Amino acid sequence: WESGDIPQWRDGVLFVGDKGMLLANYSKYTLLPATVFADYQPPQPTLPRIKSHHIEWADSCKTGKHTLANFDYSGWLTEANHLGNVAYRIGKKLTWDAQTMRATNAPEADGLIRRERRKGWEL
């Protein structure tokens, strides 16, 4: 951010948007710049809270019950995170076509999204 007022946490992720930023980790978050979001009131939590994702995963294995972060959700989340890395590496925003798995505005991203398989490993 231009002012350099980003808290220096030991860990976390900084999401940068058009109107501000979100700095978050597993236990806390802050909206930046703080002066813009001073009056922000977060919504009441609507998802059930779990003791541990390890316990939830083991329970799912034993009972067949879905986890809160099941593969349907986590696949999209992982895709979005990796696309953030690709956008950072090529230096521009991506327009993503999920059906074709291509950045329609950035052919230079193709090599970072998928690569040619080695001989003997083709599909």
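Read on for a plain summary of the structure. (Residues numbered from 1 in each chain as written. Predicted model: local features only at pLDDT ≥ 70, side-chain atom pairs only at ≥ 80, totals over all residues. Heavy atoms only, no water.)

**Side note on the overall build of the protein chain**
Heads up, the rule is: Only DSSP runs of H or I covering at least 4 residues are called helices, and only runs of E covering at least 2 are called strands; the numbering of each starts at the N terminus. Atoms considered for the radius of gyration are the C-alpha atoms alone. The globule rule reads 2.2 Å times the number of residues to the power 0.38. The cut-offs for exposure are 20% and 50% of the maximum accessible area for each residue type, with area from a 1.4 Å probe on protein chains only; residues under the lower value are buried, those over the upper are exposed, and the others partly exposed. Note on contacts: a residue pair qualifies if any of its non-hydrogen atoms lie within 4.5 Å across the two residues. Only the protein chains shown count as covering a residue, and every accessible area follows the Shrake-Rupley method with a 1.4 Å probe. Charge counting follows a simple rule: Lys and Arg are positive, Asp and Glu are negative, and His as well as the terminal groups are ignored. The atom standing in for a charge is NZ when the residue is Lys, CZ when it is Arg, CG when it is Asp and CD when it is Glu.
Summing up its helical and strand segments, the protein chain has three helices and five strands in all. Helices and strands in the protein chain line up, N terminus first, as β-β-β-α-α-β-β-α. Radius of gyration (C-alpha) of the protein chain: 19 Å, far over the 14 Å computed for a compact globule of 123 residues. Along the first, second and third principal axes, the C-alpha atoms of the protein chain reach 55 × 50 × 25 Å. When burial is assessed residue by residue, the protein chain has 12% of its 123 residues classed as buried. A separation threshold of at least 6 residues defines the contact pool for the protein chain, and within that pool the share at least 24 residues apart is 7%. Here the protein chain has roughly 11100 Å² of accessible surface; of this, 56% comes from carbon and sulfur atoms. Between the averaged position of the 16 positive side-chain charges in the protein chain and that of its 14 negative side-chain charges there is a distance of 7 Å.

**As for the pattern of salt bridges**
Using the following cut-off: Definition used for salt bridges: Asp or Glu carboxyl oxygen within 4 Å of a side-chain nitrogen of Lys or Arg.
The final tally for this structure, using the stated rule, is four salt bridges. Its salt-bridge partner being Glu108, residue Lys92 comes within 3.3 Å of it at the nearest N-O pair. One end of the pair, Lys92, is in the loop between α2 (71-90) and β4 (96-97); the other, Glu108, is in the loop between β5 (102-103) and α3 (110-113), with 16 residues separating them in the sequence. Residue class for Lys92 comes out partly exposed when judged on its relative accessible area of 35%. Its salt-bridge partner being Arg102, residue Asp110 comes within 3.3 Å of it at the nearest N-O pair.

**A closer look at the layout of surface pockets**
The condition that has to hold: Cavities and pockets were defined on a 1 Å grid built from protein atoms only: a cavity is a group of points that admits a 1.4 Å probe but offers it no way out, a pocket is an open group of points flanked by protein on both sides within 12 Å along at least five of seven lines, and a lining residue is one with an atom within 4 Å of any such point. Grid points are joined across faces, edges and corners, and a volume is the space filled by probe spheres set on the points. In this count, Pro and Cys sit with the nonpolar residues alongside Ala, Val, Leu, Ile, Met, Phe, Trp and Tyr, while Asp, Glu, Lys and Arg are called charged and the others, Gly among them, polar.
When its volume is computed, the largest pocket comes out at roughly 1200 Å³. What lines the largest pocket is a set of 28 residues, and nearest its centre among them are Tyr26, Arg49, Ala69, Tyr73 and Leu77. Those elements giving two or more residues to the lining of the largest pocket turn out to be β1 (13-16), β2 (21-24), α1 (53-63) and α2. Among the elements that take part in the lining of the largest pocket, α2 stands out by supplying four residues, more than any other. Among the residues making up the lining of the largest pocket, the classes are represented as 15 nonpolar, eight polar and five charged. Within this model, the second largest pocket holds a volume of roughly 250 Å³. What lines the second largest pocket is a set of 13 residues, and nearest its centre among them are Trp57, Thr67, Ala69, Asn70 and Phe71. The biggest single contributor to the lining of the second largest pocket is α1, with six residues.

**Here we look at the sheet that holds strand β3 (residues 29-32)**
We count it as follows: Pairs of strands are assigned from DSSP output, requiring at least two bridges between the strands. Here an angle of 0 to 180 degrees is reported between the N-to-C directions of two axes, which are lines fitted to C-alpha atoms, with helices fitted over the stretch in contact.
Ordered in space as β1-β2-β3, the three strands form an open sheet in which the pairing is antiparallel. Across the chains shown, the open sheet's two edge strands, defined by having one partner strand only, are β1 and β3. For this sheet, the mean angle separating the axes of adjacent strands, direction not counted, is 15°. Looking at chain direction, β2 and β3 are connected through four bridges and run antiparallel. Within the sheet, the bridge partner assigned to Met21 lies in β3 and is Leu32.

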